[in-house]
Amino acid sequence: MKDHSDLILSYTSRTIELLQKHEDSIRTDTMLHINAEADLKEHLRLIDIAMQLIMMVFQEHRPVNDSEVVIVQIGARLFDSAAIAIRTLMSGYYFGCAHFSRDIVEMGFLCDFFTLYPEKIEDWRKSDSEKRKREYSPFKIRDALDNRDGFTEKSGRKSTKFC
């Protein structure tokens, strides 16, 4: 294994060191809490399986057209957001975790929307920022999925209640 000691900074601020120690302490407490609760362990296991599935798709499938590239890119964003959500949760940055959790939900809805309207992938891919905001906002995507699923209440999906 290559020695990377020349890359390590000779100066690390006391604040950064204390922050790291505090994050490590929170991570230990969080893991102890998760391991003590069967449902939390199961949630973490499901997240792990979902992330493994995304990785497997990346390794096994090569996109054959631009629409598939879009789906792979969304998958990469889902994987990154899941990893960041877990890391921020384990480090005690709960608002950051909530932010990335919302991103996971919204990207999941976008993927679901594209299964409903695969012809929209190309339009979405080529659209500029204004058009995406106008035609593919999270609200528009949820509305299309709600219509498909027969949700008629304005409260929408339960999974977006806290987003």
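Residues numbered from 1 in each chain as written. Predicted model: local features only at pLDDT ≥ 70, side-chain atom pairs only at ≥ 80, totals over all residues. Heavy atoms only, no water.

Engineer: Could you clarify how one ought to interpret the overall build of the protein in this entry?
Structural biologist: A count of helical and extended segments in the protein gives 7 helices and 0 strands. Element order for the protein, N to C, with α for helix and β for strand: α-α-α-α-α-α-α. The 163 residues of the protein split such that 24% are buried. Contacts spanning at least 24 positions in sequence make up 56% of the contacts within the protein whose residues lie at least 6 apart. Of the roughly 12,100 Å² of accessible surface on the protein, a fraction of 59% belongs to carbon and sulfur atoms. (Helix = DSSP H or I, 4+ residues; strand = E, 2+ residues; numbered from the N terminus. Buried < 20%, exposed > 50% of the residue type's maximum accessible area, 1.4 Å probe, protein only. Contact = heavy atoms within 4.5 Å. Areas by Shrake-Rupley, 256 points an atom, 1.4 Å probe, with all protein chains shown as cover.)

Engineer: Just to check I follow, could you spell out a nonpolar patch on the surface for this structure?
Structural biologist: Together, L53, M56 and V57 make up an exposed nonpolar region whose accessible area comes to about 270 Å². In this structure, M56 sits in helix α2 (residues 38–60). By relative accessible area, which is 44% here, M56 ends up partly exposed. (Patch = residues over 30% accessible without salt bridge, like charges linked within 9 Å, V, L, I, M, F, W, Y side chains within 5 Å. Salt bridge = Lys/Arg side-chain N within 4 Å of Asp/Glu carboxyl O.)

Engineer: Can you walk me through the pattern of salt bridges in this structure?
Structural biologist: Pairing between side chains becomes possible if they bear opposite charge and their charged atoms approach one another. What the rule picks out here adds up to 10 salt bridges. Between R77 and D103 there is a salt bridge, with the nearest N and O atoms lying 2.5 Å from each other. Of this pair, R77 sits in helix α3 (residues 66–91) while D103 is found in helix α4 (residues 94–116), placing the two residues 26 residues apart along the sequence. Given a relative accessible area of 41%, R77 falls into the partly exposed group. The partner of E106 in a salt bridge is R102, with the nearest N and O atoms 2.8 Å apart. Of this pair, E106 and R102 both sit in helix α4, separated by 4 residues, roughly a single helical turn.

Engineer: Help me out: how do you make sense of helix α1 (residues 14–36) in this one?
Structural biologist: Under the 1.5 Å per step criterion, the end-to-end length of α1 is 33 Å for 23 residues, consistent within 8% with the ideal 33 Å. For α1, the full list of buried residues reads E23, I26, T30 and I34. Contact partners of the buried residues in α1: α2, α3 and α4. (Expected span 1.5 Å × (residues − 1).)

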